[in-house]
Amino acid sequence: MNLQKQIVYQGSTKTRLKITISYPYRGDANLMMNYINTLSKERTFVYFQGEQNTIGEERKYLNSILDGLKKETAVCLLAFDRQKLIGVSQIEMKDKAQSHVGAFGISIAKQYRNQGVGMLLMNLVFEEAKKHLPQLKICTLGVFANNRIAINMYKQFGFTKYGRLPKAVMYRGKPIDEIYFFKTLSE
């Protein structure tokens, strides 16, 4: 896969927000670090709950994603409003006996939620997965039990609940359940 800036979508969301969605490239490390650090400060529904990534940590993460893109074991898309990173979604393949299973993740910046960015990004990451992850047969995800909007979006997208781990994640300093979903992809 080409690791230069590769755009997969330019257009509007359901609320007419003009966005660009592309694969990440090496030059995105600072944008990605600022993005995750902002979400972490917000203590939203992400595993970062106040921690701050350094540029070195973000470069290491980005390099692992770029390596996965090259090896066709990952798909990752970034959503932009002009030059501002507003959303990230990815599917990362597991290995060995689970090499047909991918772990899905998505996050959207606070001021861009409920504008159609998440559903558009989710649709596009799955379209790209069909092209670049032919081994993907099952996709899984975990979601904070109190994230009703995300839970409804996953159900709408065809994910099925298969489990719940009590007090699995810390959300704003309190333990809450994590709910697990899966989606079987057509052959």
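What counts as what
Residues numbered from 1 in each chain as written. Predicted model: local features only at pLDDT ≥ 70, side-chain atom pairs only at ≥ 80, totals over all residues. Heavy atoms only, no water. Phe/Tyr/Trp six-rings, centres within 6.5 Å; stacked < 30°, edge-to-face > 60°. Helix = DSSP H or I, 4+ residues; strand = E, 2+ residues; numbered from the N terminus. Buried < 20%, exposed > 50% of the residue type's maximum accessible area, 1.4 Å probe, protein only. 1 Å grid on protein atoms, 1.4 Å probe; cavity = no way out; pocket = protein on both sides within 12 Å on 5 of 7 lines; lining within 4 Å. Points joined across faces, edges and corners; volume = space filled by probe spheres on them.

(A) Layout of the packing of aromatic side chains. For the structure on display, the rule yields 14 aromatic pairs. Judged by centre distance (6.3 Å) and plane angle (25 degrees), the rings of Phe157 and Phe159 are stacked. Each ring, one from Tyr162 and one from Tyr180, has its centre 6.1 Å from the other, and the planes form 40 degrees; the classification is tilted. A residue pair is termed long-range when its members are at least 10 positions apart, and Tyr162 in strand E7 (residues 160-171) and Tyr180 in strand E8 (residues 174-184) qualify at 18 residues. In this structure Tyr162 comes out as partly exposed when scored by relative accessible area, which is 48%. Clustering of aromatic rings is evident, with ring pairs tying together Phe104, Phe126, Tyr154, Phe157, Phe159 and Phe181.

(B) Quick look at the layout of surface pockets. In this structure, the largest pocket spans a volume of roughly 1,400 Å³. Of all elements in the fold, only helix H1 (29-42), helix H2 (55-71), strand E4 (84-93), strand E5 (101-108), helix H3 (117-132), strand E6 (138-144), helix H4 (148-156) and E8 reach the threshold of two or more residues within the lining of the largest pocket. If you tally residues by element for the lining of the largest pocket, the top one is E5, at six residues. Contributions of two or more residues to the lining of the second largest pocket are made by H3 and E8. By residue number, the principal contributor to the lining of the second largest pocket is H3, which donates three residues.

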